[in-house]
Structures are given as C-alpha cells and as structure tokens.
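Chain residues, written in single-letter form:
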Amino acid sequence: MMLPQATKYAIIGAGIHGLSTAYHLAQMLKATGKGSGADILVVDKTAIAAGASGIACGVVRNNYFQPAMRELMAHSVDVWESDAKTYSYHPVGYMQISPECMREDVGSIYEQQKAIGYESVFIEGAGASAKYMQGLFDDWQAQGITSVLHEKRGGYANNKASMHGLAAKAEAEGVRILSGVEVKSFEFGSNSGAVTALNTNHGRIDCETVVVGVGPWVNKIWNLLELPKEITVKANGVVRPDVPMWKFWCLEEGTLGVDPEMHRTNDGRFPPVLHVDTDAPLYSDRDGKLITDKLWGIYYKPDFSFGGVQGGASPYKVDQDPDQVAIDPYGPDSPEFVVGEDFIDMWCSALAHCQKRFQGQMPLYKREENSGGLGCFTPDNFPVFDVFRENVYVIADSNHGYKMIGVGKLVAQELMGEKSALLEPFRFARFAKGELHPTSHSPFPWS
Ligand SMILES: Cc1cc2nc3c(=O)[nH]c(=O)nc-3n(C[C@H](O)[C@H](O)[C@H](O)COP(=O)(O)OP(=O)(O)OC[C@H]3O[C@@H](n4cnc5c(N)ncnc54)[C@H](O)[C@@H]3O)c2cc1C
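Described in the following lines is the structure provided in the data block. Sequence order as written defines residue numbering, which begins from 1 separately in each chain. This being a predicted model, a pLDDT of at least 70 is required before a residue's local features are given, and a value of 80 or more before pairs of side-chain atoms are given or counted; all residues contribute to the totals for chains, interfaces and linings. For the side-chain quantities, the full set of heavy atoms in the structure was used; hydrogens and water were omitted.

Strands here are runs of E lasting at least two residues and helices are runs of H or I lasting at least four, both read from the DSSP assignment and numbered beginning at the N terminus. Within the secondary structure layout, His-437 lies in the segment after helix H9 (430–433). In protein, a polar contact means a hydrogen-donor-capable atom and an acceptor-capable atom, both N or O and within 3.5 Å, with residues adjacent in sequence counting only if both atoms are side-chain atoms; elsewhere, any N or O pair within 3.5 Å suffices. For His-437, the side chain forms a polar contact with the main-chain oxygen of Pro-425, separated by 3.1 Å. Residues are treated as being in contact if the distance between any of their heavy atoms lies within 4.5 Å. If sequence neighbours within four positions are ignored, His-437 has contacts with Gln-66, Ala-68, Asp-380, Phe-382, Pro-425, Phe-426 and Arg-430.

Here it is, written out as structure tokens:
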C-alpha cells in the first residue's frame, strides 16, 4: 500500500462522522480557495462502514428531550434531505408513542419543535391516541398509551448504502480513503501537546490537523491521546472528581423475517418508524409468561435491506472496565455482544403487543443473522464535539450518531475557523461546569 507521508487533514474512521467531515471539508476548502479534497486523508483500520454506522438501524428522528439535541438533529435532517437518493434515505417520518409518565416530556418536545419550525403533530389522551393509531393501522392494540408525537420529517436510511454514498461524494471531491490502515499511536510536538504524526500499521503520516471519528473505539484513541480516564463531573450541585470518561452499552436489535410489504398503513403506504414506550405488562407471545411489568420500549420499521421488519429495544449496560471490553470483532461478528433469546422473546412479543399482524410470527425471527453491537457513551450519555491537544477534533457522539450526518458539516465549518453555536452545548468543559443536558423519563439512555 502506498501510504502518503504527510497530509494536512488526517481523519481517523470511515463512518458517518469521518466521511461527513471529509466530504464537507473538501467542499469548503474548494469554495474558499484554501485547498481541496486532496488535502484530506481518511484512514480506517478495516473499511468504509465497518463500525457502528454500518450496522445501525438507521433511524433519523428529531424526538429528543434535550433542546440542544433537537436543534442539532433538525440541522442533520436538512442534510439527509439534501441528497436522499445518494444517502439512501427514506423520509417516512417518525412516531414516539408513550405512556402517561412520559406525556409531559414529550409534550414539551412538541412545543419546542413548533418553536424551531419542525413539523409534528401531538395527540393526547388514551382514547385520542388509540384512534389516531388505528387510523394508521387498523390492527393497532398497544396498551397504556396516552400520547403520540408524529414527526412528519425524519425516517430512516440504509446503513451501509448511505456510508458508501457519502464516501463516493467525498472521493468525487478528491478525498483519499484508505482501508486497512490502523492508527496505533500518535507523535506529539516537542514544544506543544499537538499531534504531529500518526503511526499506523503501514507507516508514519505527518499531519497538521486530526479528526477522530472512531465510534465505539473512542476509548482506545482517547488513551493513545493520553487524555484522562476519569474526569470531574458536576451534577445537581454535587462535584465528583473521578467519573469514568467512557462506558459501554450493548445495543439490542434484530429482524423479523416477514415480508416488509406486510407492514404498511391502512392506505397502503410505508409507515413512519414507530417507537413505542409503555408501562403496560408485556406477556410472551410464545408462552404467555410475564416478560416485564416495568416500563419497556421498542422501535421498528419495514426495511428491505434487512429483509423484514427491523428494530430494537433498550440496550443493556456492559459492566466491565472499558479498557477490557472486547470491541473487536465488532457487531454481528462479536462472540459476546450480540442479541440472545431474551431479546428475541421480548422484542417479538412487544411487536405482537402493538399490532395484531405480528402475533404468532416469532418463529420467523432471523436467528441465522447475528445482530446488535456495542456503543461507547460519555458520562451524561450525550456527545462530545471538541478539540483536544490543540489540533485533534474528537467527534464522540455517545451513540446518537448515525442520524447526525450534519455534525461533520458543522465540524468542517469549525475547522475552517467558524464556530458553530449548534455544537457549543457539546463541549467537554460542560462536565466540570455542571452544564449537563437534561434527562427524560424515557427507558433509553439516548432520549
Ligand atoms: C446496533 C446499533 C444500532 C444503532 N442504531 C442507530 C440509529 O438507528 N440511529 C442513530 O442515529 N444511531 C444509531 N446507532 C449509533 C450510531 O451507529 C453511531 O453513533 C455512529 O454510527 C457512530 O459513527 P462514527 O462515525 O463515530 O463511528 P463508526 O461508524 O463506528 O466508525 C468508526 C470507524 O473507525 C474505524 N477505526 C476505529 N479505530 C481505528 C483506528 N485506531 N485506526 C483507524 N480506524 C479506526 C473503525 O474501523 C470504524 O470503521 C446505533 C448503534 C448501534 C451499535
């Protein structure tokens, strides 16, 4: 492999963030006459879409309880819509269907969506919610629902296809993307902490600016950058000096191998992505046993690229020292972090709880295809977008990231010298300052 000896911009990771940054930065360099895509090198230890972006469910939504997240997502939805074909994006909309304990939170999301001009409809009350849902699906039967937020924008995109579309756009701008190049260590300046070179399995590359978009591998790169393993976090007036910077959760997703055509709305359209949270007891569709009487949640959509109805449920915490978590082999290839029988029973039963058409379909679950995968999270479960060691821009999205195709555009703007107000609430200093994002009543760490 011919590895360049130097590059102005070295981007580590060919997932959504690395590729989006590369593409938008190339465009901005050209537009301002300051350079071109030829100044940018993307390296990936495996290949394009080898990380979380290549296995993500691909849901694109605005529904966030945190105002800063909502504004950021609205910006990203604009980017998805700007080239839906190349990004393999399906703008079917998104629905958050919730129980009483979440009604107020979701109501405030609706109010703030109105304020930022993001089109949505909010239905309140058990009867009105059931009527709205049955107007879309005549077999709707979920219990314990007292509100429905229907976002008219958003939807989902096909994970690998969108990454290859984005990579092709970056390459068309002159960006080089090298697969099989793993960053093993950094060289730092003698008079500053800045990174001056990457040492890879294929040799050394001098660089002026580094962008890190390594998804679940962020803890490893963080360690190579010699950044702190434990940080100070101020929350609710209490200061804790020793909070681990990174923790892992395992995301549980799967596919029911039905014909995706069977999941259409009453008027024959492909439906919005559905996210249902409820505190109604959930019974197994296999043997009638109680699965849970606590708050539970699932999401699902018909998806031809997965070959069925695909979706997921709440993740579980990986209770291990982050340095010891086996990230590789990643995703479906992992012997440890893929879904098991409990997930299959829970998710398929939850589908049947929501819609009669899924009753008795559990045998069609695609057991032959492993699914699910690790995500690496920050102390407050929200992203960090910030510069470390003077010239290293770290994009650590805390697993909200597939939908955030616009973040790379904003990062590119910042690399060009223009600060982004949308990224400001996600700086690292927020932990010590106690400027954390508010938490909701959702059972998911990313809502
Ligand atoms: C099962 C699952 C489902 C998800 N579903 C959704 C969803 O529906 N919607 C949503 O918004 N988000 C979703 N997410 C989260 C989302 O996928 C991630 O937040 C996002 O894809 C992270 O993108 P990234 O570019 O930072 O990293 P990744 O896509 O993980 O890419 C990182 C790349 O860096 C490379 N790399 C790592 N270390 C090195 C190194 N040392 N040298 C060179 N290369 C390196 C890897 O090979 C990899 O290709 C999901 C995550 C999972 C696991």
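This brings us to the sheet that holds strand E7 (residues 147–151). Spatially, E6-E7-E5-E16-E19-E20-E15-E21 is the arrangement adopted by the 8 strands of the open sheet, whose pairing is mixed. Every other strand in the sheet has two partners, leaving strand E6 (120–124) and strand E21 (373–377) as the edge strands with one partner each. The average undirected angle you get between the axes of adjacent strands in this sheet is 20°. Examined bridge by bridge, strand E16 (residues 273–278) and strand E19 (residues 296–303) share 5 bridges and lie antiparallel to one another. Paired strands are those between which DSSP finds at least two bridges. Each axis is a line fitted through C-alpha atoms, and for a helix only the stretch in contact is used; angles between axes span 0 to 180 degrees, taken between their N-to-C directions.

Here the focus is the pairing of strand E14 (residues 238–244). Pairing geometry for strand E13 (residues 230–235) and E14, over 5 bridges, is antiparallel. Pairing of Val-233 across the sheet is with Arg-240, part of E14. Taking the residues that link successive antiparallel strands as the turn, the E13-E14 hairpin has 2 residues, and the phi of Asn-236 there is positive, at about 50°.

Turning our eyes to something else, we now look at the nonpolar core. If you look at the biggest cluster of nonpolar residues, it comprises 50 residues, and the most contacted ones within it are Ile-40, Trp-80 and Phe-385. Elements with a contribution of two residues or more to this core: strand E1 (6–12), helix H1 (16–32), strand E2 (40–44), helix H2 (67–82), helix H5 (159–172), strand E23 (392–396) and helix H8 (407–415). Residues within four places of Trp-80 in sequence aside, it is in contact with Ile-16, Val-60, Tyr-87, Tyr-89, Ala-157, Ser-162, Tyr-402, Lys-403 and Ile-405. Throughout, nonpolar core names a set of buried Ala, Val, Leu, Ile, Met, Phe, Trp, Tyr and Cys residues whose side chains join them through atoms within 4.5 Å. Relative accessible area decides the class of each residue, using a 1.4 Å probe on protein chains only: under 20% of the type maximum gives buried, over 50% gives exposed, and in between gives partly exposed. In terms of nonpolar packing, the next biggest core, distinct from the first, is built from 42 residues, Trp-217, Trp-222, Ala-396 and Phe-431 among them.

A separate point is the pattern of salt bridges. Think of a salt bridge as a Lys or Arg side-chain nitrogen and an Asp or Glu carboxyl oxygen that are within 4 Å of each other. Counting across every chain of the model gives 25 salt bridges. Arg-367 is paired through a salt bridge with Glu-341; the nearest N and O atoms lie 2.9 Å apart. In this pair, Arg-367 is assigned in the loop between helix H7 (341–354) and E21 and Glu-341 in helix H7, connecting sequence segments 26 residues apart. What you see here is one network of salt bridges that share partners, running through Arg-286, Glu-341, Asp-345 and Arg-367.

Before going further, it helps to spend a moment on the sheet that holds strand E3 (residues 59–60). In spatial order, the strands read E3-E8-E4; together these 3 strands make up an open sheet with antiparallel pairing. Here the strands that pair on one side only, and so sit at the sheet edges, are E3 and strand E4 (89–90). Pairing of E3 with strand E8 (residues 155–157), which is carried by 2 bridges, proceeds in the antiparallel orientation. Counted as the bridge partner of Val-59 is Tyr-156 from E8.

By themselves these figures say nothing about function.
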